[in-house]
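Secondary and tertiary structure notes
Chain by chain, the residues run as shown.
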Amino acid sequence: MNRSSKKHIFTIVTHVVMILLGIFMLYPLIWMLFSSFKTNSEIFGSMSLLPKEPIWDSFAKGWNGTGRITYTTYYKNTFLIVLPTMAFTVFSCSIVAYGFARFRFRLKQQLFVLMISTLMLPNSVLVIPRYLLYNKLGWLNTYFPFLMPALFACYPFFIYMMVQFFRGLPRALDEAATIDGCNSFQVYWYILMPLCKPALFSAAIFQFIWTWNDFFNSLIYINSVRKYPVVLALRMSLDATSAANWNQVLAMSVVSLVPGTILFFSAQKYFVEGVSAGSVKG
C-alpha cells in the first residue's frame, strides 16, 4: 500500500470518528427535540427516539407559560439583561485592555497581576458581599446587578484575552494614527477596534451564553416573576404543579437554545480567530 492510499484511508477513518463523536455529543439535544413531541409516559417509559403519537401543540402550550405570564415576557426580560450586559462588557473590557496593552504608567505590572489574580477567586466568596452591597444600593429585583459589573469591566478573563490580542497588533499603527492627528481614544476607536473584531466577537459570544444561562445570579437578585428571565421561567414551570408537562418544558428548552446557537454560528469565524489568537499572542 503506497503513501497516498494510506493517507486516504487515514482521512476516511478520521472523518468517520469525528462524525461519530459529533453524533454522540449532539444526541442529548436531538433527544430533547424529539421528546418535546412525546407524552410524559412515553418520555419515561420508552427508549425510542421518535415519538409514537406526536403531540404537536407542546410548543404553543409551553409558550403560554404558567399563570398569566407568557414566554414573550420572559424572553423580553432575558434580552433586557443579556444584550446590554454583552455590549457593556465588550466596550468596558476593551478600553481597560487597551490601557494595559498600549500605555505605560506606574504600578502597571502590579495592577495587571492583581487583576489576573482575581480569576482564581471563587465566585462563592463574592456572593454575600455582592448581595449586601446591592441591597444597600437598592438594586435587588432589578437588572443592575448584571449591568453594572459589565459597565465597569469586572470580567478579568475578557480583559486578559483582549490584552493578548492588542499586544499582537503593531504599534506602528498607533504612531501613524497619532501623526495624522488622532488622540488616544480615536486610535482605540477608529484604528484598533476594527482590527480586534475576532476578540470582540469572542467576548460577546462568551458573555451572551454565560449571561443567558446564568441561573444562580438570576435566582439570587430577581424575586419578581414578571422580571424572570428564561432560565428561571423554565425552573418555575417544574414547580407550578406536581405533575409537570415535560414535553412543554423540553419544547421551551429547545427554544431557549435558538438565540445562542444563531449567534455562535453567525460569528463562528470571528470566534475561532479570536480564541486562537488570544491564546498564542503575548
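Parameters at a glance
- Residues numbered from 1 in each chain as written.
- Predicted model: local features only at pLDDT ≥ 70, side-chain atom pairs only at ≥ 80, totals over all residues.
- Heavy atoms only, no water.
- pLDDT = per-residue confidence, 0-100.
- Helix = DSSP H or I, 4+ residues; strand = E, 2+ residues; numbered from the N terminus.
- Phe/Tyr/Trp six-rings, centres within 6.5 Å; stacked < 30°, edge-to-face > 60°.
- Lys NZ or Arg CZ within 6 Å of the ring centre and 35° of its normal.
- 1 Å grid on protein atoms, 1.4 Å probe; cavity = no way out; pocket = protein on both sides within 12 Å on 5 of 7 lines; lining within 4 Å.
- Points joined across faces, edges and corners; volume = space filled by probe spheres on them.
- Nonpolar A, V, L, I, M, F, W, Y, C, P; charged D, E, K, R; others polar.
- Core = buried A, V, L, I, M, F, W, Y, C linked by side-chain atoms within 4.5 Å.
- Buried < 20%, exposed > 50% of the residue type's maximum accessible area, 1.4 Å probe, protein only.
- Polar contact = N/O pair within 3.5 Å; in protein donor to acceptor, adjacent residues only side chain to side chain.
- Contact = heavy atoms within 4.5 Å.
- Axes fitted to C-alpha atoms, helices over the stretch in contact; angles between N-to-C directions.
- Parallel < 35°, antiparallel > 145°, perpendicular 65-115°, else oblique.
- Left-handed = near helix turned anticlockwise from the far one by under 90°.

**Describing the confidence of the model for the protein**
Looking at the protein as a whole, the pLDDT averages 89, with 95% of positions reaching at least 70. Here helix H15 (residues 268-280) stands out as the element of the protein with the lowest mean pLDDT, 65, in contrast to helix H7 (residues 144-151), whose mean of 96 is the highest.

**Section: the packing of aromatic side chains**
One pass over the full model with this rule turns up 31 aromatic pairs. Connected via pairs of aromatic rings, a cluster forms that spans Trp 63, Tyr 71, Tyr 74, Tyr 75, Phe 79, Phe 208 and Trp 212. A cation over a ring is seen here: Arg 167 above Phe 112, with NZ or CZ 5.3 Å from the ring centre.

**Things to note about empty space enclosed by the protein**
Per the counting criterion, the structure on display carries one cavity of 30 Å³ or more. Within this model, the largest cavity holds a volume of roughly 50 Å³. In this structure, the largest cavity is lined by Thr 78, Ile 81, Val 82, Thr 211, Trp 212, Ser 218, Pro 229, Val 230 and Val 231. Within the residue set of the lining of the largest cavity, elements represented by two or more residues are helix H4 (71-102), helix H11 (197-212) and helix H13 (230-239). Partitioning the lining of the largest cavity into residue classes produces six nonpolar, three polar and no charged.

**Examining the nonpolar core**
Judged by nonpolar contacts, the single largest core of 54 residues is most densely connected at Tyr 71, Tyr 74, Ile 159, Met 162, Val 163 and Phe 166. Those elements giving two or more residues to this core turn out to be H4, helix H5 (108-117), H7, helix H8 (156-167), helix H10 (184-195), H11, H13 and helix H14 (246-266). Examining the composition of this core, we find that twelve residues originate from one element, H4, more than from any other.

**What to know about the side chain of Asn 141**
With respect to the helices and strands, Asn 141 occurs in the loop between helix H6 (123-137) and H7. Given a relative accessible area of 17%, Asn 141 falls into the buried group. A polar atom in the side chain of Asn 141 sits 3.1 Å from the backbone nitrogen of Ser 224. Once residues lying within four places of it in the same chain are set aside, the contact partners of Asn 141 are Tyr 221, Ile 222, Asn 223, Ser 224 and Lys 227.

**Some words on the packing of H8 against H11**
It is the contact of H8 with H11, at a shortest axis distance of 10 Å, that shows an interaxial angle of 165°. The pairing of H8 with H11 is recorded here as roughly antiparallel in orientation. Crossing hand, H8 versus H11: right-handed. Two secondary-structure elements touch here, H8 through Phe 157, Phe 158, Met 161, Met 162 and Phe 165 and H11 through Pro 198, Ala 199, Leu 200, Ser 202, Ala 203, Phe 206, Gln 207 and Trp 210. Residues of the contact of H8 with H11, tallied by class, amount to eleven nonpolar, two polar and no charged.

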